[in-house]
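Structure assessment
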Amino acid sequence: RAPFAPPVAMAEARQAVLVWSQHRTGAPPQRKEYVTFQVSVPYPSVAWRGAVRSVYRVRNAIVRQLYPANPLYLLVTMIAVALGVVYANPDSWWRDGWLAHLLWDIDEAVGHYWPLAKSWPVEVRVFRLAAIASVLGFFGLMFLDRLLLRALLAYRGWLYQQPRQTSAFVMVWGALLRILSGRKPMLYSFQGALPRMPVPPLKQTVERYLASVQPLLTDAEYAKEEAQAQQFLGNEGSKLQRVLVAKSWWASNYVTDWWEKYVYHRGRDPIMINSNYYILDASVGAPGVSAVARAARVATQMVDFARQIEHETLDPQTIRGVVPVCMNQYRRMFGTTRVPGRTGDELLLSPRSRHMCVLRKGAWYKVALLDRAGRTVRPHELEAQLKGVIADADARPEAEEGSLVTAFTAGSRTPWAEARETYFSEGHNKETLDVVEEALFHVVFDDGVAPRNWTERGRALLHGSGCNRWFDKSITLVAFPDGRLGTNAEHSWADAPVVAHMMETSVTSEVLGRCYDKSGANVVPADDPAPRELLKPVRLTWDLGSEAVAAARRSLAEARTLIDDLDLQVNKMALYGKDFMKKCKVSPDAFIQMALQLAYYSDAGRFAQTYEASMTRLYRDGRTETVRPVTKESRAFVLAITEGDAPREETMAKFRAAAEAHQMGYRDAMSGKGIDRHLFALYVASKGLNVESPFLASALSRPWRLSTSQQPHFQTDKWPEIQRRVDEGSIDWVDDSGRPMRPAFSDICSPGGGFGP
């Protein structure tokens, strides 16, 4: 079991079908007869910090363009070349070659418009021209390096070989990749070298689609599907394919922008349960018992993670330690909110946000994450602030208006968009809404009885009461009364492994830090300086009229109907794990998928179209692709088991064949040769060109009865140290009752997370 690793499929399967079957456009947009302009002048200190950030961004952009070289190499090269040219023999190529003459002629031409440049001594002009030429040449070499790196990264043969069974060719390829990848890359150093996702051959996609549905259809149904496919290939298919190929030449990814727009942002159903997902913390126990102390500690760790993203000092993720993946999703992790629209939502990005919002008993608070000098608040300082917030919220009656406004985010998107335009577009409510939406992230302190097990915590994180989670926020940290934590995340801005990486980094830092004293409070460092001047938390208020309250109650009623319809169970299977599966020389993912197919067929008596998400982050701006676990091989294996008359050896052979077929499909999906994103993009193109396609309509309207995913592996380098401390018994830990305990390694790992139907 991998720690902090929710499934990445989430509700993608359901949302994708809604694009074709249940999309509603909503009410027409309102027209305004005037335009309001607002000019904001920042404080000098704010303007200064903004200028400093701009300088850092420019510096990071230059470093990215130079990578894998170091800027110091550029400086040394520039000086060495310039001095070498200045002191070179006047008759040498350096001073009298075609390049020297070309540069001198350009400088002469520039001198007509900038006479001062021609007035400099000859040696100074030569030094300047040589320096400029060396800098341009250096950047050119780095550009060629990235092109070569991109060519190497476009190779996918390594995916089809086991790590310990690589060929000599793949080993040479890996060595070249390591050499060209440089040392100590920044977060986005590889973005310019990642290949663009290719558009698969149309005939190949159609053939693979037909092979995937054949085990699900009768002979008559398959014949009809095959006839539609052939008609599609001979008519509209080639035209739509040309559109995608043309788009792939100029877009960073031919499918991702459409996927986000139509699968996520055009959906009008509630995103609570249907789209958002949750992440649990440790499996058993926790490093502390105080919800306030743990929330303060993890919140400061999240701020540190956000700073690493902003400064691009976070290490980029790689596969097998050498193949980089796209990190662009990290740009939208913090300060991001999904804003409802009448026909489609948008993402509001507030990268300069320096506060978080806290929700307790319906009351919203703005809590600063920096002191007046711009330094990050320390955990014990933030803990004191949060204690004051909770005390203030508990001393007053529950803030019903805050809960009602929050309920809008749990209901359907069009009513929320209409309410936002009507009741929150100006005045005091807009000011409060801006504070909530522009927060770096949210923290919610649940009250009442703490959830007792994984299932109850999962339900609380996934939907809460329907009015105590701002479901539009990119990340919401939830603290339970017993000190357990969890996360609810909006799905459209990034996939679950990205949030899981952040949570894993934050919580493992908490585990290794020995952060709490015997009372559970954050430890104050011995060398702690004098108290700093902190910004006090601000209680936020709303002004709701009767119509706004009625609209909010309708959203809340819709949310609670959806909650009542959900059946969630989080179970643990401890008989064996992936080590046993690997000993059987079978991929753990394929093993589980075959078990799921067998279980579903045994229960329902039929096969079901099954969705499994794989990542496509090997390509620039890649997100996910669908793996279809139902194959003719998996069908043969399931029938061999259920009919019970096949010899054991034959059944095992069919199982291995099914597992290998599944793994091949998974590798194809990661390699950009999947089925469903290609079909989806073809469908979008057909709508844009007003082309009707019975084949696409049939293929993309088929419901997914099972939605599954594989959990990602360890995403930080802290786990070996945690294992070492677990072995020596030096980790401070308490059980679910708050008593000290010696945890096993599996206790610290997360059970993962989940999503709605």
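Residues numbered from 1 in each chain as written. Predicted model: local features only at pLDDT ≥ 70, side-chain atom pairs only at ≥ 80, totals over all residues. Heavy atoms only, no water.

This model, assessed by the stated rule, comprises 26 aromatic pairs. Seen in terms of ring centroids, Phe 232 and Phe 695 are 5.0 Å apart; in terms of plane orientation they differ by 35 degrees. Their pairing is tilted. Of the two residues, Phe 232 sits in helix H10 (residues 219-234) while Phe 695 sits in helix H26 (residues 694-700), which places them 463 residues apart along the sequence. For the residue pair Phe 232 and Phe 695, the accessibility class agrees, reading buried in each case. Here the aromatic residues Trp 364, Phe 408, Trp 416, Phe 424, Trp 470 and Trp 542 are joined through ring pairs into a cluster of three or more. It is Arg 125 that lies over the ring of Trp 104; its NZ or CZ is 4.2 Å from the centre. (Phe/Tyr/Trp six-rings, centres within 6.5 Å; stacked < 30°, edge-to-face > 60°. Helix = DSSP H or I, 4+ residues; strand = E, 2+ residues; numbered from the N terminus. Buried < 20%, exposed > 50% of the residue type's maximum accessible area, 1.4 Å probe, protein only. Lys NZ or Arg CZ within 6 Å of the ring centre and 35° of its normal.)

Viewed as axis vectors pointing N to C, helix H7 (residues 122-153) and helix H8 (residues 168-181) meet at an angle of 150 degrees, and their least axial separation amounts to 10 Å. The chirality of how H7 crosses H8 is left-handed. Here H7 contributes Asp 145, Leu 148, Leu 149, Leu 152 and Leu 153 to the contact with H8, which in turn contributes Trp 173, Leu 176, Leu 177, Leu 180 and Ser 181. Its residues assigned to classes, the contact of H7 with H8 comprises eight nonpolar, one polar and one charged. (Axes fitted to C-alpha atoms, helices over the stretch in contact; angles between N-to-C directions. Left-handed = near helix turned anticlockwise from the far one by under 90°. Contact = heavy atoms within 4.5 Å. Nonpolar A, V, L, I, M, F, W, Y, C, P; charged D, E, K, R; others polar.)

Further remarks concern the environment of Ser 353. Position of Ser 353 among the secondary structure elements: in the loop between strand E5 (346-349) and strand E6 (355-360). At a separation of 2.6 Å, a polar atom in the side chain of Ser 353 contacts the main-chain carbonyl oxygen of Glu 438. (Polar contact = N/O pair within 3.5 Å; in protein donor to acceptor, adjacent residues only side chain to side chain.)

Another point: the pairing of strand E7 (residues 363-368). When you tally the buried positions in E7, you get five out of six residues, the bulk of the element. Of the strand pairs in this sheet, E6 and E7 are connected by six bridges, and their pairing is antiparallel. Within E7, the residue paired with Val 358 across the bridge is Tyr 365. The antiparallel pairing of E6 with E7 creates a hairpin that spans two residues between the two strands, and Lys 361 there sits at a positive phi of about 50 degrees. Sheet topology note: the E7/strand E11 (residues 538-540) ladder contains three bridges and is antiparallel. Note on E11: the bridge partner recorded for Tyr 365 is Arg 539. (Pairing = 2+ DSSP bridges.)

Time to look at the pattern of salt bridges. Evaluation of the coordinates by the stated rule reveals 45 salt bridges. Between Arg 208 and Asp 668 there is a salt bridge, and its shortest N-O distance comes to 3.5 Å. Linking Arg 208 in helix H9 (residues 202-213) with Asp 668 in helix H24 (residues 648-670), this pair joins segments that are 460 residues apart in sequence. What you see here is one network of salt bridges that share partners, running through Arg 268, Arg 338, Asp 345, Arg 413, Asp 472 and Glu 490. (Salt bridge = Lys/Arg side-chain N within 4 Å of Asp/Glu carboxyl O.)

Counted by the stated rule, this structure contains zero disulfides. Not engaged in a disulfide, the cysteine Cys 357 finds its nearest cysteine sulfur in Cys 467; these two sulfurs lie 17 Å apart. Not engaged in a disulfide, the cysteine Cys 749 finds its nearest cysteine sulfur in Cys 515; these two sulfurs lie 18 Å apart. Judged by relative accessible area, which is 3%, Cys 749 ranks as buried. (Disulfide = S-S within 2.5 Å.)

One way to put it is that helix H13 (residues 291-311) packs onto helix H14 (residues 379-394) with a least axis distance of 8 Å and a crossing angle of 130 degrees. When the interaxial angle is binned, H13 and H14 end up oblique. Like other packed secondary-structure pairs, H13 and H14 cross with a definite hand, here right-handed. Every residue of H14 that contacts H13 at Val 292, Ala 293, Ala 296, Arg 297, Ala 299 and Thr 300 is listed here: Pro 379, Leu 382, Glu 383, Leu 386, Lys 387 and Ile 390. When its residues are assigned to classes, the contact of H13 with H14 shows eight nonpolar, one polar and three charged. (Parallel < 35°, antiparallel > 145°, perpendicular 65-115°, else oblique.)

All right, on to the nonpolar core then. Residues Met 333, Phe 334, Met 356 and Phe 441 are the most contacted members of the largest nonpolar core, which totals 121 residues. Counting residues per element, this core draws most heavily on H13, which supplies 11 residues. Among the nonpolar cores identified, the runner-up in size contains 40 residues, and Phe 408, Ala 439, Leu 462 and Ala 559 belong to it. (Core = buried A, V, L, I, M, F, W, Y, C linked by side-chain atoms within 4.5 Å.)

What follows covers helix H20 (residues 546-564). Counted at 1.5 Å a residue, the expected span for H20 with its 19 residues is 27 Å, and the 27 Å between its end C-alpha atoms agrees. For H20, every residue scored as buried is listed here: Ala 548, Val 549, Ala 551, Ala 552, Ser 555, Leu 556, Ala 559 and Ile 563. For H20, the arc enclosing every buried residue in end-on projection is 160 degrees, short of the 170-degree limit, so these residues lie on one face. Across from the buried face of H20, at angles greater than 90 degrees, the exposed residues are Ser 546, Glu 547, Arg 554, Thr 561 and Asp 564. Looking at the packing, one finds that the buried side of H20 touches helix H15 (400-407), helix H16 (413-423) and helix H18 (454-462). (Expected span 1.5 Å × (residues − 1). Arc of directions from axis to C-beta.)

Let's shift gears to the sheet that holds E11. Sheet architecture is open: eight strands sit in the order E11-E7-E6-E8-E9-E10-E1-E15, paired in mixed fashion. The sheet is open, and its two borders are formed by E11 and strand E15 (753-755), each paired with just one other strand. With strand direction ignored, the average angle separating the axes of adjacent strands in the sheet is 25 degrees. With three bridges joining them, E6 and strand E8 (residues 442-445) adopt parallel strand pairing. Bridging from a neighbouring strand, Val 358 pairs with Val 443 of E8. Sheet strands touched by H14: E6, E7, E8 and E11. Its angle to E6, the strand with the most contacts, is close to 35 degrees.

Let us now look at the confidence of the model for the protein. Within the protein, residue pLDDT values average 90, and 94% of them lie at 70 or more. Below a pLDDT of 50 lies the segment residues 22-32, which in the model reaches 17 contacts outside its immediate sequence neighbourhood of four places, other chains included. (pLDDT = per-residue confidence, 0-100.)

The next subject is unusual backbone geometry. Put simply, Tyr 67 and Pro 68 share a cis peptide bond, and its omega is 15 degrees. With respect to the helices, strands and loops of the structure, Pro 68 is situated in the loop between helix H2 (44-66) and helix H3 (71-86). The backbone phi angle of Ile 273 is positive, close to 75 degrees, even though this residue is not glycine. Along the chain, the position of Ile 273 falls in the loop between helix H12 (256-265) and strand E1 (277-280). With a phi close to 50 degrees, Arg 514 is a non-glycine residue in the positive phi region. Following the sequence through the fold, Arg 514 ends up in the loop between helix H19 (496-513) and E11.

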